[in-house]
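# Summary of structural features
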Amino acid sequence: MFVEHTRVLKQHIDDALAGFAPKINRVPGPSGVGKSSLIATLARAYPQTRVDGRLQAPVLVVEIPQFASAKQLPTCVLHALGLQVVAKMTVGSLFHFMKKQLELAGTRVVIFDEISHLVDEGSRVPPRAVSDWLKTLLDQAQITLILFGIPRLERLFSANEQLRRRSRPARVFLPYDASDAKQMAAYAACVTNYARMFAAAGYPISVPPRVLVQQSYLLTGGLIGVLADFMRELARGVADSAPRALTYADCQMVLDDVSHAGSPHQLAFQGSGVEDTDVPPAAMKQAYVHVLTSNSTSVPVRKKSGDK
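Here's a quick rundown of the structure.

What counts as what
Residues numbered from 1 in each chain as written. Predicted model: local features only at pLDDT ≥ 70, side-chain atom pairs only at ≥ 80, totals over all residues. Heavy atoms only, no water. Pairing = 2+ DSSP bridges. Helix = DSSP H or I, 4+ residues; strand = E, 2+ residues; numbered from the N terminus. Axes fitted to C-alpha atoms, helices over the stretch in contact; angles between N-to-C directions. Contact = heavy atoms within 4.5 Å. Parallel < 35°, antiparallel > 145°, perpendicular 65-115°, else oblique. Left-handed = near helix turned anticlockwise from the far one by under 90°. Nonpolar A, V, L, I, M, F, W, Y, C, P; charged D, E, K, R; others polar.

On to the sheet that holds strand β5 (residues 109–113), then. Reading across the sheet, the four strands line up as β1-β6-β5-β4 and stay open at both edges, with parallel pairing between neighbours. On the outer flanks of this sheet lie β1 (24–28) and β4 (59–63), each paired with one strand and no other. For this sheet, the mean inter-axis angle between neighbouring strands, taken without regard to orientation, is 15°. The sheet contact formed by β4 and β5 spans five bridges and is parallel. Across the sheet, the residue bridging to valine 61 is isoleucine 111, located in β5. Lying over the sheet, helix α3 (residues 72–80) contacts β4 and β5, oriented at roughly 125° with respect to β4. The sheet strands contacting helix α5 (residues 127–141) are β1, β5 and β6 (144–149), and the helix crosses β6 at an angle near 150°.

Right, let's talk about the packing of helix α8 (residues 181–200) against helix α10 (residues 224–237) for a bit. Interaxial distance between α8 and α10 falls to 11 Å at its minimum, and their mutual angle equals 20°. Accordingly, the angle class assigned to the pair α8 and α10 is roughly parallel. Where α8 crosses over α10, the handedness of that crossing is right-handed. Along the contact surface, α8 presents Tyr187, Cys190, Val191, Tyr194 and Phe198, while α10 presents Ile224, Leu227, Ala228, Met231, Leu234 and Ala235. Looking at side-chain class alone, the contact of α8 with α10 contains 11 nonpolar, no polar and no charged residues.

Given below as structure tokens:
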């Protein structure tokens, strides 16, 4: 899924750089699914440069802080360009100054990270005001926008029909679904690759691969970001010890430092690990559904075999 999202978004960016009409793209998804890694991948693919000392940023990444105000939106863009803002500038003059600086930097695509902060509970900016601002930026600056955030960002589009018409369909970034054989195989491949890295460093994981995949899935609910946290803590836990095989008990020891994303009704790495029994499919599905519902995401309805 990460590779497919990367491929499609790169194509949209290339189209924008080639002069195609600007569009809005949005990538909603739960925290920990890999959105930040995707943004970092896109930023590396289109690096900023300097020509005669002037910044050239064809693709600009802008981070939105929590509870940003309307005036902070252009300020965030200007900060991403490395510019300071005069405190007394009006909202209108600030927008025009931002637009001019984007032109000077040759920016054709702006990626907004955590745009959903603008529609957090308690936000000072009404969704309609934010969506109008984004529409104006698209129309006046002729810049393609890519919006990343948790699923709440969809409120920006439900509040503004004109913004929806300027947008492509949402590219929802979901965790791996344990009930989908292809997705589960991809998740297992991620776990296996981590295990290879541990073995190459002299710390092979002695937990049977099937057990490691299923137990880590109970922990992550299919979120690769949580899997990365787990593997990072597992590595940190043995960093000061001589090379040795890592055990089920080692996996249990790092759980205090990793947020459990899956269902609280069946926790990961319980028991001794000696029994080596399969985790029931219902428990795996429950971990996945818990991740989605706790992030206000609808559970996809998958067609059964034979359905048209």
